[in-house]
Amino acid sequence: MRDALVAAAFRLFLERGYEQTTVDDIVALAGVGRRSFFRYFPSKEDVVFPDHERCLADMTAFLAAGDEGHEPVPRVCDAARLVLRMYAENPSFSVQRYRLTKQVPGLRAYELSVVWRYERALAEYLRGRFAGRPDGTLRADVIAAAVVAAHNNALRSWLRSDGRSDASTTVDHALGYVQSAFGAPPATPAGEHPWHHGHPANPEHPEDVVVVVSRRGAPLWRVVQEIETRLGRE
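Presented here is a report on the structure given in the accompanying data block. (Residues numbered from 1 in each chain as written. Predicted model: local features only at pLDDT ≥ 70, side-chain atom pairs only at ≥ 80, totals over all residues. Heavy atoms only, no water.)

**Let's talk about the overall build of the chain**
Applied cut-off: A run of H or I in DSSP becomes a helix once it reaches four residues, and a run of E becomes a strand once it reaches two; helices and strands are each numbered from the N terminus. Buried, partly exposed and exposed residues are distinguished by accessible area as a fraction of the type maximum, computed with a 1.4 Å probe on protein chains only: under 20%, between the cut-offs, and over 50%, respectively. Every residue pair with non-hydrogen atoms within 4.5 Å of one another is taken to be in contact.
When you go through the chain residue by residue, the secondary structure sums to eleven helices and zero strands. Its helices and strands taken in sequence order, the chain reads α-α-α-α-α-α-α-α-α-α-α from the N to the C terminus. In the chain, which comprises 234 residues, the proportion classed as buried is 33%. At a minimum sequence separation of 6, the contacts of the chain that also span at least 24 residues come to 63%.

**Let's talk about helix H10 (residues 167-182)**
Quick reminder of the rule: A helix is expected to span 1.5 Å multiplied by its residue count minus one. As used in this structure description, the phrase polar contact means that two N or O atoms lie within 3.5 Å; if the pair is within protein, one of them must be able to donate a hydrogen and the other to accept it, and residues adjacent in sequence are counted only when both atoms belong to side chains.
Between its first and last C-alpha atoms H10 spans 23 Å; for 16 residues at 1.5 Å apiece the expected length is 22 Å, and the two agree. For H10, the side-chain oxygen to backbone nitrogen distance between the N-cap and Ser168 is 3.1 Å, and the N-cap itself is Asp166.

**Some words on the packing of helix H5 (residues 52-64) against helix H6 (residues 72-88)**
Any two packed helices are characterised by the angle at which their axes cross and by the distance between the axes. Quick note on the threshold: Note on method: axes are straight lines fitted to C-alpha atoms, helices fitted across the in-contact stretch only, with angles between N-to-C directions ranging 0 to 180 degrees. Every angle not falling under 35 degrees, over 145, or within 65 to 115 is termed oblique; those three ranges are roughly parallel, roughly antiparallel and roughly perpendicular. The sense of a crossing depends on the near helix, which, turned anticlockwise from the far helix by less than a right angle, makes the crossing left-handed and, turned clockwise, makes it right-handed. Residues are grouped as follows: nonpolar covers Ala, Val, Leu, Ile, Met, Phe, Trp, Tyr, Cys and Pro; charged covers Asp, Glu, Lys and Arg; every other residue, Gly included, is treated as polar.
The interhelical angle for the contact between H5 and H6, taken along N-to-C directions, is 155°, at an axis separation of 10 Å. One finds that H5 runs roughly antiparallel with respect to H6. Like other packed secondary-structure pairs, H5 and H6 cross with a definite hand, here right-handed. For the pair H5 and H6, contact is made by His52, Arg54, Cys55, Asp58, Met59, Phe62 and Leu63 and by Arg75, Val76, Asp78, Ala79, Ala80, Leu82, Val83, Met86 and Tyr87, respectively. Among the residues forming the contact of H5 with H6, the class breakdown is eleven nonpolar, one polar and four charged.

**Here's the deal with the packing of H6 against helix H8 (residues 105-129)**
In contact at an axis separation of 10 Å, H6 and H8 are set at 155° when each is read in the N-to-C sense. Judged by the inter-axis angle, H6 sits roughly antiparallel to H8. Handedness of the H6/H8 crossing: right-handed. Where H6 abuts H8, its residues Pro72, Arg75, Val76, Ala79, Val83, Met86 and Tyr87 lie against Glu111, Tyr118, Leu122, Tyr125, Leu126 and Arg129.

**What about the nonpolar core?**
Our working definition: We define a nonpolar core as any set of buried Ala, Val, Leu, Ile, Met, Phe, Trp, Tyr and Cys residues linked to one another through side-chain atoms lying within 4.5 Å.
One finds Met59, Val76, Tyr118, Leu122, Leu126 and Val147 to be the most contacted residues of the largest nonpolar core, which totals 38 residues. Setting aside its immediate chain neighbours within four residues, Val76 contacts Leu63, Leu122, Tyr125, Leu126, Ile143 and Val147. Core analysis: the second largest hydrophobic core is formed by 20 residues, Phe13, Val47, Val48 and Leu100 among them.

**As for the environment of Asp141**
As for its position among the elements, Asp141 is in helix H9 (residues 136-160). Residue Asp141 is classed as partly exposed on the basis of its relative accessible area of 28%. Expressed as a C-alpha distance, the spacing of Asp141 and Leu126, which sit 15 residues apart in the sequence, is 7.9 Å. Filtering out sequence-adjacent residues up to four positions away, Asp141 remains in contact with Ala123 and Arg127.

**Quick notes on the pattern of salt bridges**
Our working definition: Salt bridges are defined as contacts in which a side-chain nitrogen from Lys or Arg sits within 4 Å of a carboxyl oxygen from Asp or Glu.
Applying the stated rule across the entire model yields 14 salt bridges. Note that Asp58 is salt-bridged to Arg54, the shortest N-O span being 3.7 Å. Of the two residues, Asp58 and Arg54 both sit in helix H5, four residues apart, roughly one turn of that helix. By relative accessible area, which is 39% here, Asp58 ends up partly exposed. We classify Arg54 as partly exposed; its relative accessible area is 43%. Glu89 is the partner of Arg54 in a salt bridge, and the nearest nitrogen-oxygen pair spans 3.8 Å. On the criterion of sequence distance, the pair formed by Arg54 in helix H5 and Glu89 in the loop between H6 and helix H7 (91-103) is long-range, its members being 35 residues apart.

Shown next, in the form of structure tokens:
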């Protein structure tokens, strides 16, 4: 019955328009009563997004099942992939909904509230993982927002292709930006300064700084020569 209500609603939305379609119209086409509609959907807006409650529950359960052995940033990226998978399960429906949402301001506002709930779920998980850090809350909120932004960028790109492009490749590319920016840094090899990869650290002067004072207007080659002299590279 739930699927029948969704199918009836979208048929009418496409034929008449969203604003012109009432709940009574939907239940009449589906052959059920108003009570049946509201048993599944609190409002007409909810019938446009019938799968988000389930997906949000799946994401929350996925995050809760993680342990200390899971790196937090890759974990929330994998959680975001659950949302994309939900869209990709029914490409034609997802594309129809995307087109409808673009046309109806009220649906765009509703969709933003749904996106915010996903972001909050990610942020709450990350806050728990970063609880021991002085910047834990800030880091959690920023990463959660970045994951949602990257995922939505990839999702919109896929929807604009009418669901024809490779959704997984698109989202992997977008989430790769998040992991490269916020993921755990690679271990620094022995003998290498963590801030200057590829340049051996000086064990005697780990914070060695050279200051050169030069006359204004001096040619660049003279400045470079002075620096090399100070560094003992004559």
